[in-house]
Amino acid sequence: MATVFENIISGVWAGRFVWTDDECVAFATIEPTSPGHVLVVPRTPYEKWTDAPSNVATHLMKVARIIGIAQEKAFGVPRAGLVIAGFEVPHTHLHVIPLRTEADVLLSNAVKATDEELDQAMTKLRDALLSQGHGSHVPESMTSLG
């Protein structure tokens, strides 16, 4: 049975994408802890991040760093945070979160966002990634990888 992330990556379920490459994608979580919170997800569904081959884990961290830098610019936050937990979906994913305070890193503080809030935040983040020269990895449409 496919994971929720496999269904989002394949287009079965909707997603708001800010990054795509051969190894991974990044898209908005519908329950952010702060505006701009995204998930960096490998295309291959490794159950735990420690199951991913070293080259995949390294790539996910590189992409998370690029997105974190863009979040700092787009949302005017002092830093971006990173959480790898993975209990909610058995498919490796890195939470990259714009941080105003340490409370923003607590996944227990996540709240469902409206479609408008998600669209606004992802547009800001996509614009920041484009302005930083990552256009080849920002999908043309926020809602599809194709």
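Residues numbered from 1 in each chain as written. Predicted model: local features only at pLDDT ≥ 70, side-chain atom pairs only at ≥ 80, totals over all residues. Heavy atoms only, no water.

- Looking at an unreviewed UniProt entry, the protein chain carries the name HIT domain-containing protein, with the source organism given as Schaalia turicensis ACS-279-V-Col4.

1. Some points on the pattern of salt bridges
When the charged atoms of two side chains with opposite charge come close together, those side chains can pair.
Step number 1: One pass over the structure, following the stated rule, counts two salt bridges.
Step number 2: For Arg-16, the salt bridge goes to Asp-115, with nearest N and O atoms at 3.2 Å. You can see Arg-16 sitting in the loop between helix H1 (4–10) and strand S1 (17–20) and its partner Asp-115 sitting in helix H3 (residues 115–131), a full 99 residues away along the chain.
Step number 3: Among the residues examined, Arg-16 registers a relative accessible area of 16% and is labelled buried.
Step number 4: Judged by relative accessible area, which is 52%, Asp-115 ranks as exposed.
Step number 5: A single network of salt bridges, built from pairs that share partners, joins Arg-16, Asp-115 and Asp-119. (Salt bridge = Lys/Arg side-chain N within 4 Å of Asp/Glu carboxyl O. Helix = DSSP H or I, 4+ residues; strand = E, 2+ residues; numbered from the N terminus. Buried < 20%, exposed > 50% of the residue type's maximum accessible area, 1.4 Å probe, protein only.)

2. Observations regarding a nonpolar patch on the surface
Step number 1: On the surface, a nonpolar cluster with roughly 350 Å² of combined accessible area is contributed by Trp-49, Met-61, Leu-82 and Ile-84.
Step number 2: Structurally, the position occupied by Trp-49 is in the loop between strand S3 (38–42) and helix H2 (54–75).
Step number 3: A residue is classified by how much of its surface remains accessible, and Trp-49, at 44% relative accessible area, is partly exposed. (Patch = residues over 30% accessible without salt bridge, like charges linked within 9 Å, V, L, I, M, F, W, Y side chains within 5 Å. Areas by Shrake-Rupley, 256 points an atom, 1.4 Å probe, with all protein chains shown as cover.)

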